[in-house]
Amino acid sequence: MSGRHFLQIPGPTNVPDRVLRAIAQPTIDHRGPAFASLAREALDGVREVFKTTGAVVIYPGSGTGAWEASLVNTLSPGDKVLMFETGHFATLWRTVAQRLGLDVQFVPGDWRRGVDPAVVESTMSDDRAHAIKAVAVVHNETSTGVASRVGEVRQAMDRAGHPALLLVDTISSLGSIDYRHDEWRVDVSVGCSQKGLMLPPGLGLNAISEKAIAATKSARLPRAYWDWAPMLADNRSGFFPYTPATNLLYGLREATAMLREEGLEHVFARHSRHAEATRRAVCTWGLEILCVNRDEYSSALTAAMMPDGHDGDALRKVILDRFDMSLGTGLGKLKGKIFRIGHLGDFNDLMLAGTLAGVEMGLAAAGVPFKRGGILAALDYLAT
Ligand SMILES: Cc1ncc(COP(=O)(O)O)c(C=O)c1O
């Protein structure tokens, strides 16, 4: 295939040339002075994106590792954790918690809406003995394109006067959708490199509140690699307790500089504009958007439902074979039922136009019933 592949899955996302060039530098001594300033700049950059002035740790690892870190540093075996079945990733996080020996109270969901703050409030109010030690929420459920309202979850916990920790998965929202670690008093925010931060996979992130650091003193889940204490101690002088992902840190420093140059508020506005254009295209095609609540639409991706009798993966295969574009598959119980259009990260109007053109041509080529004109609806919106 000539030309550039269209990587329109909801992460890993397109890595900008500037970041690729930053990564392509000689690896340096991770115990030398040049490394210390790189690490400090990368940590400061990522702090800005989390909107925190507090502690941040960067692991060589994937998001799943950063999930585990959020739990093992703050909780003890048998502790009760309140989680919500918003989709595939919330379900996977629950599995991690259960395997670690935590007692998960899993609020069932239909994978089409986010965490209901009213349920948070009533559950926490009913828990008078404060048995629940942590509430864990996936901000942007990448499997469904539904964004939970984390600020409202925080307010619900406050109204209930409950002291539980608030753990939030920001993996596909960080750097794409407004996120405020300090203002929402999140105790652990879990992130990773390959989504809105526009990096290749390979870094797992935790932003950590003072309250979470205090919780480590009594937390008894076993922890070694994921232990915050040696990481925070060594980071103070710009170093790591083990070999860091040096070249990805070059990339992180560059990517956070790019986000700063554009301005986070502009980055969020760009994402929400592309999401709106995408939804207009999907609705014009006559396909249903999986997310049912308008105030929970994700700016990072849109999940479109397939008409009955048509398979999302068959459509994705046609689009990959004919137009060299990768779209997100349906995960877990959504397999075959949806396809997901990623519109996050390093992305612009013409990339979106190309993406939607690929989908519209693909729908026709795959024999999926739809109404033409989705691209035009999106272009009209983008042109205003
Ligand atoms: C919301 C969310 N949480 C967690 C993960 C797991 O991250 P990783 O695959 O990097 O371990 C993903 C991956 O896509 C995700 O989208």
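First things first, this report covers the structure right here in the doc. Note that this is a predicted model, so its numbers are computed, not measured.

Details of the pattern of salt bridges
Working step 1: Evaluated as defined, the whole model comprises 27 salt bridges.
Working step 2: One salt bridge in this structure joins Lys51 and Glu265, with 3.0 Å as the shortest N-O distance. Taken as a pair, Lys51 in the loop between helix 2 (33-50) and strand 2 (55-60) and Glu265 in helix 10 (residues 264-285) lie far apart in primary sequence, 214 residues in all.
Working step 3: Residues Arg149 and Glu152 are paired through a salt bridge, measuring 3.3 Å at the closest nitrogen-oxygen approach.

Concerning the site of the ligand
Working step 1: Near the ligand the following residues occur: Ser62, Gly63, Thr64, Trp67, Phe89, Val138, Asn140, Thr142, Asp169, Ile171, Gln194 and Lys195.
Working step 2: Here an oxygen atom of the ligand and a side-chain polar atom of Gln194 are 2.9 Å apart.
Working step 3: Lys195 is positioned with one of its side-chain polar atoms (N or O) 2.7 Å from an oxygen atom of the ligand.
Working step 4: Burial of the ligand by the protein chains amounts to 86% of its free accessible area of 390 Å².
Working step 5: Among the elements that make up the shell around the ligand, the one with the highest residue count is helix 3 (residues 63-72) (3 residues).
Working step 6: Among the residues making up the shell around the ligand, the classes are represented as 4 nonpolar, 6 polar and 2 charged.

Looking at unusual backbone geometry
Working step 1: Here the amide bond leading from Gly11 into Pro12 is cis, since omega sits at -5°, within 30 degrees of zero.
Working step 2: Inspection of the secondary structure puts Pro12 in the loop between strand 1 (6-8) and helix 1 (17-23).
Working step 3: One non-glycine residue, Arg185, lies in positive phi territory at about 45°.
Working step 4: Within the secondary structure, Arg185 sits in the loop between strand 8 (165-169) and strand 9 (188-192).

Looking at the packing of helix 12 (residues 349-365) against helix 13 (residues 374-383)
Working step 1: The geometry of helix 12 relative to helix 13 is characterised by a closest axis approach of 9 Å and an angle of 165° between their N-to-C directions. Overall, the two elements helix 12 and helix 13 adopt an arrangement that is roughly antiparallel. As for the relative orientation of helix 12 and helix 13, their crossing is right-handed in sense. Facing helix 12, whose interface residues are Asp349, Leu352, Ala353, Leu356, Ala357 and Glu360, helix 13 presents Gly374, Ile375, Ala378, Leu379 and Leu382.
Working step 2: For the contact of helix 12 with helix 13, the per-class residue count stands at 8 nonpolar, 1 polar and 2 charged.

What to know about the sheet that holds strand 3 (residues 80-84)
Working step 1: Ordered in space as 2-10-9-8-5-3-4, the 7 strands form an open sheet in which the pairing is mixed. What marks the edges here is a single partner per strand, and that holds for strand 2 and strand 4 (103-107). Here the strands of the sheet are splayed against their neighbours by 20° on average, with no regard to which way each runs.
Working step 2: Strands strand 2, strand 8, strand 9 and strand 10 (203-208) of the sheet are contacted by helix 3, whose axis makes an angle of about 165° with strand 9.

Some words on helix 5 (residues 117-126)
Working step 1: The set of residues buried in helix 5 consists of Pro117, Val120, Thr123 and Met124. Considered in projection along helix 5, the buried side chains sweep an arc of 130° and stay on one side of the axis.
Working step 2: Its side-chain oxygen at 2.9 Å from the backbone nitrogen of Ala118, Asp116 defines the N-terminal cap of helix 5.

What counts, and where the lines are drawn
- Residues numbered from 1 in each chain as written.
- Predicted model: local features only at pLDDT ≥ 70, side-chain atom pairs only at ≥ 80, totals over all residues.
- Heavy atoms only, no water.
- Salt bridge = Lys/Arg side-chain N within 4 Å of Asp/Glu carboxyl O.
- Helix = DSSP H or I, 4+ residues; strand = E, 2+ residues; numbered from the N terminus.
- Near = heavy atom within 4 Å.
- Polar contact = N/O pair within 3.5 Å; in protein donor to acceptor, adjacent residues only side chain to side chain.
- Areas by Shrake-Rupley, 256 points an atom, 1.4 Å probe, with all protein chains shown as cover.
- Nonpolar A, V, L, I, M, F, W, Y, C, P; charged D, E, K, R; others polar.
- Axes fitted to C-alpha atoms, helices over the stretch in contact; angles between N-to-C directions.
- Parallel < 35°, antiparallel > 145°, perpendicular 65-115°, else oblique.
- Left-handed = near helix turned anticlockwise from the far one by under 90°.
- Contact = heavy atoms within 4.5 Å.
- Pairing = 2+ DSSP bridges.
- Buried < 20%, exposed > 50% of the residue type's maximum accessible area, 1.4 Å probe, protein only.
- Arc of directions from axis to C-beta.

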